[in-house]
Structures are given as structure tokens and as C-alpha cells.
Number of protein chains: 4
Amino acid sequence: MPETIRAGILGATGAVGQRFIQALENHPWFEITCLAASEKSAGKKYGKAANWRLESKMPDSVTGMEIVPVDPKKVDADVVFSALPSSFAKTVEAEFAKEGFVVASNASAFRMEKDVPLVVPEVNADHLGLIDVQQDKRGWDGYIVTNPNCSTIIMVPTLKPLMAFGLESVQVATMQAVSGAGYDGVASMAIMDNIIPYIGSEEEKMESEPLKLLGEFDGSEVVPADIKISASCNRVPVMDGHTEAIWAKMTDNPTPEQVRQAFLNFKPDLGDLPTEPEQVLIVRDEPDRPQPRLDRSMGKGMSITVGRIREGIRYMAMGHNTIRGAAGASVLNAELLHKMGKL
Amino acid sequence: MPETIRAGILGATGAVGQRFIQALENHPWFEITCLAASEKSAGKKYGKAANWRLESKMPDSVTGMEIVPVDPKKVDADVVFSALPSSFAKTVEAEFAKEGFVVASNASAFRMEKDVPLVVPEVNADHLGLIDVQQDKRGWDGYIVTNPNCSTIIMVPTLKPLMAFGLESVQVATMQAVSGAGYDGVASMAIMDNIIPYIGSEEEKMESEPLKLLGEFDGSEVVPADIKISASCNRVPVMDGHTEAIWAKMTDNPTPEQVRQAFLNFKPDLGDLPTEPEQVLIVRDEPDRPQPRLDRSMGKGMSITVGRIREGIRYMAMGHNTIRGAAGASVLNAELLHKMGKL
Amino acid sequence: MPETIRAGILGATGAVGQRFIQALENHPWFEITCLAASEKSAGKKYGKAANWRLESKMPDSVTGMEIVPVDPKKVDADVVFSALPSSFAKTVEAEFAKEGFVVASNASAFRMEKDVPLVVPEVNADHLGLIDVQQDKRGWDGYIVTNPNCSTIIMVPTLKPLMAFGLESVQVATMQAVSGAGYDGVASMAIMDNIIPYIGSEEEKMESEPLKLLGEFDGSEVVPADIKISASCNRVPVMDGHTEAIWAKMTDNPTPEQVRQAFLNFKPDLGDLPTEPEQVLIVRDEPDRPQPRLDRSMGKGMSITVGRIREGIRYMAMGHNTIRGAAGASVLNAELLHKMGKL
Amino acid sequence: MPETIRAGILGATGAVGQRFIQALENHPWFEITCLAASEKSAGKKYGKAANWRLESKMPDSVTGMEIVPVDPKKVDADVVFSALPSSFAKTVEAEFAKEGFVVASNASAFRMEKDVPLVVPEVNADHLGLIDVQQDKRGWDGYIVTNPNCSTIIMVPTLKPLMAFGLESVQVATMQAVSGAGYDGVASMAIMDNIIPYIGSEEEKMESEPLKLLGEFDGSEVVPADIKISASCNRVPVMDGHTEAIWAKMTDNPTPEQVRQAFLNFKPDLGDLPTEPEQVLIVRDEPDRPQPRLDRSMGKGMSITVGRIREGIRYMAMGHNTIRGAAGASVLNAELLHKMGKL
């Protein structure tokens, strides 16, 4: 792969935008050529405009870059990674795709559109076939590919291997980190010594997105999986890492050990993508794992750790919500697109 | 009621012991006459021996009291409230009951014994009929009455009104406060910015105790309720207040509004016991309630707040684990015993 | 005192506004007759407009009150308690005072104006003589009385008794609670597992306000105390309660025990004001006190707890920042004004 | 350097012991050949005995190692890194030194002994001359070298460049992370939503150790620096990273800018030791830095970040307490010893 792919980041100053920068720093294929953000930041140097809040240093390569507006005419890139708010993404991402950009989006705006792939590479890479459908239908030169919501993406790779047992229904209670709401999303007075048993639209996303992700692409459309999901979403005082208590009902009634083996045997091969973790699912047998602080960085934040597989079938799943659940997810999608020759 | 009832506290220096002192301070019926604790503390003044960690001041009345050993011969009281560790409670509580004490216990040791009442006054006051069975069978002058585990007690008063709809099965994911483990139970390094998806024996208790509590007392024994419960228990960085995401499956398939009305109409009348809250269940209609920090003190810590009643049926319940879930529960039991003339 | 004094709250929906409501609920002298807030809230019922975040229940008496704009023509009250942002307070409080209202303000806008009393009743009640100066000079029917910044007010009552030893200079490092910044003031991502070593303008306030508070009123103006203060202010992940590490240099070089006795003997008599704590300074001799969680509620949040008095002289002081440091301070000022016949 | 140096860790299972393992994993000079811990752990595999709580994975190289007792006869190593509790270290470290081991100790037991070097390489590498004195006096084949207490070590490299201005006195208020007390050192109920204004013996260490570190070695002994230090130490709810508010009084009365330049120019050259950070002091000019969460990992945890240099002279310093302040400090000392040919 001789050439570097030029990457832009839309919404580069926010929490997920910063994770995109972190994910693309020293990337073997992609090079950040453009940082785009709201009018308030456009024209400023990234080092001045962004309130960097990651534990690692802001990469020197972006500190001096001038932020451009979120406008396809101002953005110099082959692929744009979108960390835009959903309301804004609806219009803007379409403009970019129309202008020929590959848009790898973390926004929810297009996820459930019939002709837009909603993809987790380890789960449903074949759904990328929708790109042709999308371009045909919309007449765009570029296209949009999306990844699911952060709480969905941590659950779905654990459901995929359970499909073989005849997965019927899922109940999931989440304990989600504050970073999922963005920098100013959760006030300290709201969450210190507290739990908030509600996250707007989160349950709806968890109940619908997995059906598309686990559905079958028949060459022209995705037939949603026939599973019933019931979610109860909570915000907890944790910085990063969504933890989920999952019940999965299956017609085959597997034992916990059979489920454990299915998790261990779930080894999708993406062909060594740079952001692909060695193990998408890490199974921990200790009684008290996974824990977000101890396990969220596994696989550089791209692995999902599962544990406590019990009769029920019940188990816990945990993953890094702004890496596996956001920026890393989009980057992995783009890597797969590149490997497939579509980028 | 002319006379004051003399109350002793077993395990008076620990987290629950301190809540007992708080609950009995200025109590209209009970007066603390005796504080008992381990050999390490016995002989010391309470003000010196106890590491008081409640936000209210240590009552002046106990500061100068000398701690006695946990021994029926050394304890001067009519009723003893037990905050003993379960392993120790097994032997010691029996000794107290044999010697004629009424033992109101928060320990798990005797909860599931067939002839020992496990009671939440608003749920199954009639189970106190087991006291006679117990005294007959064991030949004790006194007797033992127990209250359930803290996570059980927050769920069961919400299940009781659902029995009328034909409650079949329950799934519950808990988010439990650190105070549930006692003062030194959870290290800060273990729980800061973290969740621990495991609490030893907690799921077993939540899956068995409610069956006894919701069972029927036929005059000689309690026939357990025929419900299947599946629990997933988690420790979260919250000081006080257990939050629970509950799914309840009922044969009658009630609507969320029917369930809401059932909660609103659940008004057991205990006859104005001093520790009885005005409302055992408080229904909040806001989307983001209950929250432990905001709701745990309702009803002086004795109310359980429910909310987010949705299709499923799913809802959230939250209550104060060391008041409603421990000390307050035992005191309420003792108040009921007094009202019934059994103390 | 036959009549009830009608009290309005300016900025009633915010964190300090809520503490004002809590402080005035069941007050023996004051009755809340008016809640004023920004245009966004005006016209709405308080129960709808305010996002109540205190652990106690919103008083029923205010739930249904309609919020009025912050406008002297719309406010029905004898005294208004101001929890306004400082920029806004500059204009608005003057309007209220001009229209005849007594303004008891927690805002910083007028604190350092020469003719405006900056008062902590236990420290410098006599400075209220400035009211006449203020009314003469400005031709107002009403007047403004202010209380200091929250971090100042927790330190100054400890410095007052040290004046007798020839207080020369003070160094203070603060660890301030998040509630000091208002509900949305500190994002959880900013402060979880973190410290922010900076609070805008806080050090300037701590270095100037105490000089006025400890100064002498000569009948026409306040001559500032000749003390040099150097402050280093930090935000910490604590909900309520500012903790301060203080070094005080005095010409008389008192021993720690002499300082301790001076704190114990500091018993200003305000004549039993309703909000006055039994002890303005509580001296704790344990090595590990004061602690914000355990001590902030002492004296219903109006006591300041001191401890660790050591050679240096060094000591710790801690108090509740939104009660003693804000709403309670303004209410105590108003109570004193009433007692003096000025309200 | 053809040969690998064999390294043992004493107290390998604890918080600092785990940081030693992390620091020595993939070390270019040292190889872990022995893990020693208390009798309770001895004989077990490290992977079973240690409760690993770091965010990175336990290195595969140690998982299967069998833990040996803390006994020079059982330990196979050239150098031992000691994370022992101080009471135990007093006897045990002497035994190891007597038996010919180089002991790089993080314990406080020997720090203030006249013939034992207390060293921060960037500050007083020349004090290692005491090794000869120590061996002569005690007749040991090996020797002990110590590093200071974690709160001392974060302050001292900032004081070193101030010596040139005639440093007279220092006042320091610390805000220390819970990891400084070890895994079970601080209960969550003690520190959540709280501050503990006391850490046993910490102030004494901060007031004495810097005098030795900043003193002059005259060939036979260290003449302590003539500085007066007054410390006020606090525990805060932060996982890692000690933050310190420092006042430094100097006879030359430098301006903040002069102090800033002195910090920037403090570039001790240790000759590229593996654990040496690029910058021992990182100067941040933003008003709100340093912050523990954002800055503790700088220089892989070995840099100290300073900021807020103001008149006074006041400034903030922050560093990672279990890396720069413990395990990393001992390893850096050992690297320096190796470079000097003493190991």
C-alpha cells in the first residue's frame, strides 16, 4: 500500500474528535490532513481551540494545524471521520458523501437508513455491500458508512456468537461512563455519589441497532434479525468504559460453558487491520471481572471483555466507549474499506 | 405505652451498628441501654471505640457508654438489635433467644431457617406467626426475627403489589452502594472510577429471600412463592442507596400504567409505627428518577422510590441500604412486635 | 415579633437559590413570598422550572409558586436574597435597593464598594453602620448588605480571634467543593479522579475580602486590616464543603494551645438568631478532622470546624460552602438586620 | 553492556511492587529473576497470589513465577528493589545488604540514616558517595540506597533550582492520591466525597527528607540544607498523582518569571538512563495546570509538572506518586548505580 490516505476529522475538538486524533496518530495507512470544527473554532490553531482532556499528550502534528469549517469545499481529505452531533450530521454528512468523500461516521443520523451500512467489522462486514445500493439510489460519488452507538457496540459482538444457539431475546442493564455524553455532558453535581437511570434515546438505540447489525444482507437490503431486546440504561460515576449486565434467551438453551466456548471461539479474521484487536472478545474467568478501570484499555481499547457467564444465560460485557464504542469503531470501518479497495 | 423498652445493639461499632444508634436516638418507645461489640472494643467508652462516620453527630447519650461483650449475661435489654457478621450471628443470636431476649436481626444467619420469620412489615407481617412455631420447636424463652438482605428489601415491596397480576419471573440488575459492605469493605482503589460486577452471595440472597417473603404462611410454615428470580449484582461508586433495574413478567400482562397504579395503591397500614414512612413506595414520574443521592433520604431513609415504569414491564427501584435495607428494617420489625404485644 | 417579613429570592432556581429556599422553609421570621429568576424560567411554576438537586424534598410551599422576572416592579417582598451572577447583580441589586428593598446579597458585585457593608455577623456586625452612609450617599430608600465569598467566609471567623495575637500574614491553600461553581459549573469529566488548581478570581477575593471584614469601621468608613494574605485555590471532587489549610503568622507567636483556646473562647453573641449556630467554631482534637463529608452539616451547615492546630501556626478549617458560605450567610445577615430594627 | 542485571522485587504483590514489575518489564538492563513476598504468598504463582490492579495487563513473564520468601537465601538477584513496609524493611534490608545485595529501597526505614544515601538522581547524585562510607562502617558486602517519600520527591526537584535564589523556607499543602496508601490503605467510605486532612508521619517526612536531599556531601557526610519546611498533608479522592501547593521564600526575591526560567533551565543530565524522563520538570503556562489526571502520565510517569507560578513565590507541582514517587524512583537510582559501575 504505497500511498497514504488523507483523513479529515469532522468535529475534531470534542471528546470523540480527540479520540480520532489519538487513533490516527502514527497510523500506518491514514494521515490527518484536515481538522474541521464549528465556526467558533474555525480559523484557530487546534492547540488553542481544543480543550485537550486525554491522559496522553496532544500530538505535536496537530497542535499547529488550523481548524477549517465543516464544509466539503474546505476539507482536504479522502475519508472524513465524523464526530458530529447527530442533528448536524444529517445534512452535513450527506453533503460530504455527495461531493465524493468517504464518510466514516460515528453519528446516529444515518445508522438506520435502509441504504446505509451500519457495521461492526467483526460482526457484519458483508453489509458493506449496501454501499453500491446507496450510491445507486442517491447518485453520490462518495458514501456514508456508520458504526453503532457505544452501548450497542459493546453488546453486539457478544450476541453474534449466540445467534447459533437461536437467540430469541435479550435484556440488558447498562452502567455507562460519563465520557459517553461528551465533555460537558454530565455535570459533576449530577453524578458524584449518584446514578442517573436515564440516557436520552439510548434504550431505543440499543433495542433497534442490534437488529440491523445482526440481520442478513441479501444483496439489496438488510433483513433485520428477529430478536426482542429490552434495555435499561444508566449513567454511573465512571470516566470511561460501559459495563453491561446481559440476559440472553436462546431456543437451544446452551449451558454457561457452551456460551463461554462460543465466546472463546469467536475469532473473526479481518486480515490484520491496524486497529483490530488481537481478541475482539476477552473472556475472564475470575468472579469479579470485567471491571471498567482494569479492562477498558485491553486491545488498546478495542477489545470487549466478558465474564460472569452464568445460568440464565446471564453475563457481563464491558468495553471502552470512546475507543471501541466510537472513534476506534469508525477507524476500523475505514480500514476495512481500504482493505476491500473501496477507499 | 407507659414503659420504655430497653434496647441493646449487638455489633454496635460498625456501619449498621451506627445506623441502629441513629435510628434509636430519640425513639419514642425504645431506649438504648446497652452497646455490645467484639472483645477488641469491650470495656471501652463508645466514643473512643467507634469510628463514627455518619454525617450527623454521635448522640451524646452513647458517647460515654461502656461497651460490653456480645454475651447474653452481660447485656441488659429487652430486645437486641443484631448487626453481627453472619458467621458469628449463628451461634450468638441463638444464645440470646434462648436466654429470653427478643432478637431483631439484620444478619443472614437465620433468615432462611424454616421456623424463623423473615419479615418486611409492609409485605408479610403475618409471618410473625412463626414466632410461636419457633419457640415451641426450640424451647426458647425469646425468639429471633429477621429482615432480609439490603438489596432484597428494596425490591420486595415493589414485587408485592405485582403478585396480583400473576408475577412469574423477575430479572434484576443492581447497582449497590459501598456502605453495603461495611466501613472497610470496599477499598477506594477498588471502586474509584470503577464498577465491580460481583458481590459475594448477594445474587443467591436476592434469588431466595423474596420467595420466602412473598410466600404464604399457613399457620405452621411458609410456602414459598412460585417465582423465578435472576439477579446480577454490581458494586458502584455511590456512598448510600442501592439502585435496581427490574424486569417483572406477569401472566396478566399489565400495562405500565396499571403497574404504576398498583404501586400508588400499595399503602399497607401498620398503624403508625414510629419508623414507618408515610409512603413505603414513592412513585416518581420524571424520566430520570430515582437517583440515589437525591432520593435515598426520603421517608427518613425508609421509603423506596420507584420510577421509569415502562413496557416490559421494566422499572427502577432505589432505597437506602443501611436504613431501609438494614437498621431501619430491624427497628421497624421490633416496633411491629411491640404493637402486636410480642415485645 | 408579630409580623412575618416577606422574603423574595433573586436567582431562585440555581444552586444557591435552592439553598435559600431550604434556609427559609419553616423560618420563624421570614416567609417566601416571591421567587424571581431569569426570563427563561419566569412565568413557570417553580416545581417545573427548577432542577432540584438537594437531598431534601422541594418544599411543597414553593412547588406551585409562579416564578417572576428579576424586576423590582414584579417582586413582592420586604427583603430580597440575591443569588444572582455577579455581572447581572451590579445593575439589578442597585435597582432593588433604590426601590426600597433590603437586599441581602451573596453576589460579589458590591462587596468591595466602600459604602456597602460586607458582613459576617460573628465577625464585624458593627460594619452595618455603613448602611446609613450608603443611603445618604446614594439616595436609596433601601440598601444592600453583602456577605463574602464562600472560601473567605470559612476562613475569616478563624482569623478574627487571631487578631489579638497580632495577625500579620496568612497563607491558605483551599480544596473547594464542586457545588461552589453552581450546578453546571464543573463537568464530571473535568473533576473525576482529578484536581483543578485554579478557580477564576477566587484567590483575589480571598486576599482582599478578609481585609475589609477584619477592618475597623470608624463611623464613616472601614479601614482595612493590615494583613497580607496569599491564597492558592483548588477544586476537588467533593460535593459540598470547602477545606482550607491555613498558616497564620502572628507577632505574639502564640503556641498551638493558645490558638486552640482562642478558637474555643470565640463565642460572639448575636442574641439567638434563628440561623446562628450554637458554635460558630467547632474545635476537633482528633488528628484527622475536619473532614467535609463528616463535618459540613454541623450547626445545620453554619458551623465552621477547625482542627490540626500545629506549630507554624498551621491549622485546617472547613465549612459548608453553600450554607455557611452562601445562602445561610445572607439569611443570617438579614436576621441580624431584623434584630437591629433595620428590616 | 553485555550482561543483564538480575533484579528481585521485595514486596512484589502490593501496589508499589506491581509498579516495580511494570517498570522492569522490557527493561533494557534489568531482568526480573525473583519475586519475593510475605509468607502468605510465598510458594504461590504470582498470577494467583497478586491482585493485579493496574490498567495494563500483568506481564506474561511474571504470571507463572513462583513467589519466594523475603529472605536473602531464597532470592536470586544482583539488585533487589524493596517495596517493603518500613517496620519490616529495617531488619530485612540490612540482611540483604549484608549478604551482598544492592538494595534500592522505597521504604523509609533507612532514609535518614547518616551513612545511607537518600537520592533523587536529578538532584543529588553525588550523595551516592555515601555508599563507601556505609560499607566501611557496617562491613557489608552490599549496600542500601533509598529514594524519598512520594510527596517529598515531587517537591524536591522543584526546590533544587530555587536554591540558587537563596531558598529559606517552604510551605506546602499537599493533595495526595489514594494509591499512596496502598491497595487497602484508604476505604472508599472514608474518602468518597471527602478529604482526610491527615496522613500519618507524612508531614514529618516532607519536613526532614528535603533537607538531606538538598544538603551537601562533603566526602564523609551530608550537611543538611538550612531550610525550614512546614507541610500540611491531605488525602483526596484521586487515584494517582500527588498535587502540591508550594510557597517558597528566597533571599533574592526572584520574580515569577525568573522562577519559571529556573524551572525551564533545570536540565540535569544523567546520561540517558532508560527511566529518565526527557524533562524532569515540565512547565505548563495554562492557568489550570497541572492536573493529576491529565499530567501524571507525562514522561511515562517520571516527569513532574509545575504551573501557576505567581508572586509569593507560589506554584503548583504534581507528579505520579507510585511511579516517580516510588517504583520509578528506585529503578532510576539503580540505573544510575549501574552507569556509575556500582552495580
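Residue numbers restart at each chain and count upward from 1, following the sequence in its written direction. The naming scheme follows written order: chains are lettered A onward, ligands numbered 1 onward. Local features are withheld for residues below a pLDDT of 70 in this predicted model, meaning they are given only at 70 or higher, and side-chain atom pairs are given and counted only at 80 or more; totals for whole chains, interfaces and linings count all residues. For side-chain calculations, the full set of non-hydrogen atoms in the structure is used, while hydrogens and water are omitted.

How we decide: UniProt positions are given in the numbering used here, feature names are shortened, and annotations may be inferred rather than shown by experiment.
Chain A is annotated in an unreviewed UniProt entry as Aspartate-semialdehyde dehydrogenase of Methanolobus chelungpuianus. In its Catalytic activity (unreviewed entry) section, the UniProt record describing chain A reads: "L-aspartate 4-semialdehyde + phosphate + NADP(+) = 4-phospho-L-aspartate + NADPH + H(+)". Entered under Subunit (unreviewed entry) in the UniProt record, the comment concerning chain A runs "Homodimer."

Some remarks on the environment of Ser 232 of chain B
Quick reminder of the rule: Only DSSP runs of H or I reaching four residues or more are called helices, and only runs of E reaching two or more are called strands; each is numbered from the N terminus. Should any heavy atoms of two residues lie within 4.5 Å, those residues are counted as being in contact. Residues adjacent in sequence count toward polar contacts only when both atoms are side-chain atoms; beyond that, a polar contact is any pair of N or O atoms within 3.5 Å, and within protein one must be able to donate a hydrogen and the other to accept it.
Within the secondary structure, Ser 232 of chain B is located in strand β10 (residues 228-235). Those residues in contact with Ser 232 of chain B that lie beyond four places of it in its chain are Ala 245, Trp 247, Arg 310 and Met 316 of chain A together with Val 172, Ala 173, Thr 174 and Glu 203 of chain B. In this structure the side chain of Ser 232 of chain B is engaged in a polar contact, spanning 3.2 Å, whose partner is the side chain of Arg 310 of chain A.

Considering the relation of the copies chain B and chain D
The two chain copies are connected by a rotation around an axis plus a translation along it. Under the convention used in this document: The atoms used to superpose the copies are C-alpha atoms, taken from residues with pLDDT of at least 70 in both, and the fit is least squares.
The transformation that overlays chain B on chain D combines an axial shift of 0.1 Å with a rotation of 180°, and the residual RMSD is 0.0 Å. When the rotation and shift are considered jointly, the pair of chain copies conforms to a two-fold rotation axis. Mapped onto chain D, 100% of the interface residues of chain B are again interface residues, and the two copies thus contact each other with one and the same surface.

Things to note about the packing of aromatic side chains
Here is the rule: Two rings belonging to Phe, Tyr or Trp (six-membered ring only in the last case) form a pair when the distance between their centres is within 6.5 Å. Interplanar angles under 30 degrees mark stacking, angles over 60 mark edge-to-face geometry, and anything in between is tilted. Only protein chains enter the accessibility calculation, which uses a 1.4 Å probe; a residue is then buried when its area is under 20% of its type maximum, exposed when over 50%, and partly exposed in between. Charge over a ring is defined by NZ of Lys or CZ of Arg lying within 6 Å of the ring centre and within 35 degrees of the ring normal.
Applying the stated criterion across every chain yields a total of 25 aromatic pairs over all chains. Between Tyr 46 of chain D and Trp 52 of chain D the ring centres are 6.5 Å apart and the planes differ by 80°, which places this aromatic pair in the edge-to-face class. Each member of the pair Tyr 46 of chain D and Trp 52 of chain D is classed as buried. An aromatic cluster is present here, built from Phe 20, Trp 29, Phe 30 and Phe 81 of chain B joined pairwise through their rings. Its guanidinium or amino end placed over the ring of Phe 110 of chain A, Lys 90 of chain A lies 4.8 Å from that ring's centre, counting from NZ or CZ. Over the face of the ring belonging to Tyr 183 of chain D we find Arg 53 of chain D, whose NZ or CZ atom lies 4.9 Å from the ring centre.

Overview of the interface of chain B and chain D
Buried accessible area, meaning the area lost when the parts come together, often serves as the stated size of an interface. Selection rule: Accessible area that two parts lose when put together, evaluated with a 1.4 Å probe and summed over both, is termed the buried area. Charged residues are taken to be Asp, Glu, Lys and Arg, nonpolar residues to be Ala, Val, Leu, Ile, Met, Phe, Trp, Tyr, Cys and Pro, and polar residues to be all remaining types, Gly included.
Facing 16 residues of chain B, the contacting portion of chain D comprises 16 residues. Considering only the surface of chain B that becomes buried against chain D, Met 189, Met 192 and Met 239 of chain B emerge as the three largest contributors, covering 47% of it. On inspection of chain B and its partner chain D, the count reaches two residue pairs in polar contact (both at pLDDT 80 or more). For the side of chain B that touches chain D, the residue count by class is 11 nonpolar, three polar and two charged.

As for the UniProt feature "active site" (unreviewed entry) in chain A
Residues and elements named next belong to chain A. In this structure's numbering, the residues bearing the UniProt feature "active site" (unreviewed entry) are Cys 150 and His 242. For the residues just named, distributed over 93 residues, the greatest C-alpha separation is only 8.0 Å, placing them together at one site. Residue placement: Cys 150 occurs in helix α7 (residues 150-159). The residues touching Cys 150, leaving out its near neighbours within four places in the chain, are Glu 202, His 242, Asn 321 and Gly 325. For His 242, the position within the fold is in strand β11 (residues 242-250). Note on His 242: relative accessible area 0%, which makes it buried.

Digging into the sheet that holds strand β6 (residues 143-146) of chain C
To be explicit about the condition: One requirement defines pairing of two strands: DSSP has to find at least two bridges between them.
Within the open sheet, the six strands sit side by side as β3-β2-β1-β4-β5-β6 (chain C). Their pairing is parallel. Pairing within the sheet leaves two strands with one partner each, and these edge strands are β3 (68-69) and β6 of chain C.

Remarks on the sheet that holds strand β7 (residues 167-176) of chain C
Strands in a sheet are paired, the pairing made by backbone hydrogen bonds, and the direction either parallel or antiparallel. Residues and elements named next belong to chain C. Selection rule: Think of each axis as a best-fit line through the C-alpha atoms, taken over the contacting stretch in the case of a helix, with angles from 0 to 180 degrees between the N-to-C directions.
Spatially, β10-β7-β11-β14-β13-β12 is the arrangement adopted by the six strands of the open sheet, whose pairing is mixed. Looking at the sheet topology across the chains shown, the edges are occupied by β10 (228-235) and β12 (281-284). Pairs of neighbouring strands in the sheet enclose a mean axial angle of 20°, with direction left out of account. The pairing of strand β13 (residues 304-310) with strand β14 (residues 314-319) spans four bridges and is antiparallel. Among the inter-strand pairings, Gly 307 is bridged to a residue of β14, identified as Met 316. Here helix α7 (residues 150-159) sits on the sheet and contacts β7, β10, β11 (242-250), β12, β13 and β14; the angle it forms with β11, its principal contact strand, is near 40°.

What about the pairing of β11 of chain A?
Residue and element names in this part refer to chain A. Burial within β11 is extensive, with eight of its nine residues counted as buried. Sheet topology note: the strand β7 (residues 167-176)/β11 ladder contains eight bridges and is antiparallel. Among the inter-strand pairings, Thr 174 is bridged to a residue of β11, identified as Glu 244. As defined by bridge partners, β11 adjoins strand β14 (residues 314-319) across six bridges and the pair is classed as antiparallel. For Thr 243, the partnering residue across the bridge sits in β14 and is Met 318.

Observations regarding the domain arrangement of chain A
All names here are of chain A. To keep it simple, the criterion reads: Residue ranges assigned to the domains are those given by an automatic or database domain assignment. Each salt bridge in this description consists of a side-chain nitrogen of Lys or Arg and a carboxyl oxygen of Asp or Glu lying within 4 Å of one another.
Segmentation of chain A into domains returns domain 1 (5-149 + 326-339) and domain 2 (150-321). Distance from the C-alpha centre of domain 1 to the C-alpha centre of domain 2: 23 Å. Residue-level contacts link 38 residues of domain 1 with 39 residues of domain 2. When the buried surface of domain 1 facing domain 2 is broken down by residue, Glu 122, Val 123 and Asn 149 rank first, second and third, together holding 26% of it. At the junction of domain 1 with domain 2, the criterion picks out two salt bridges. Residue Glu 209 is joined to Arg 111 by a salt bridge in which the shortest nitrogen-to-oxygen separation is 2.8 Å. Counting every contact that joins domain 1 to domain 2 gives 16 residue pairs in polar contact (both at pLDDT 80 or more). Elements that contribute at least two residues to the side of domain 1 that touches domain 2 include exactly α1 (15-24), α5 (121-124), α6 (130-138) and α12 (323-339). Split into classes, the residues belonging to the side of domain 1 that touches domain 2 amount to 18 nonpolar, 11 polar and nine charged.

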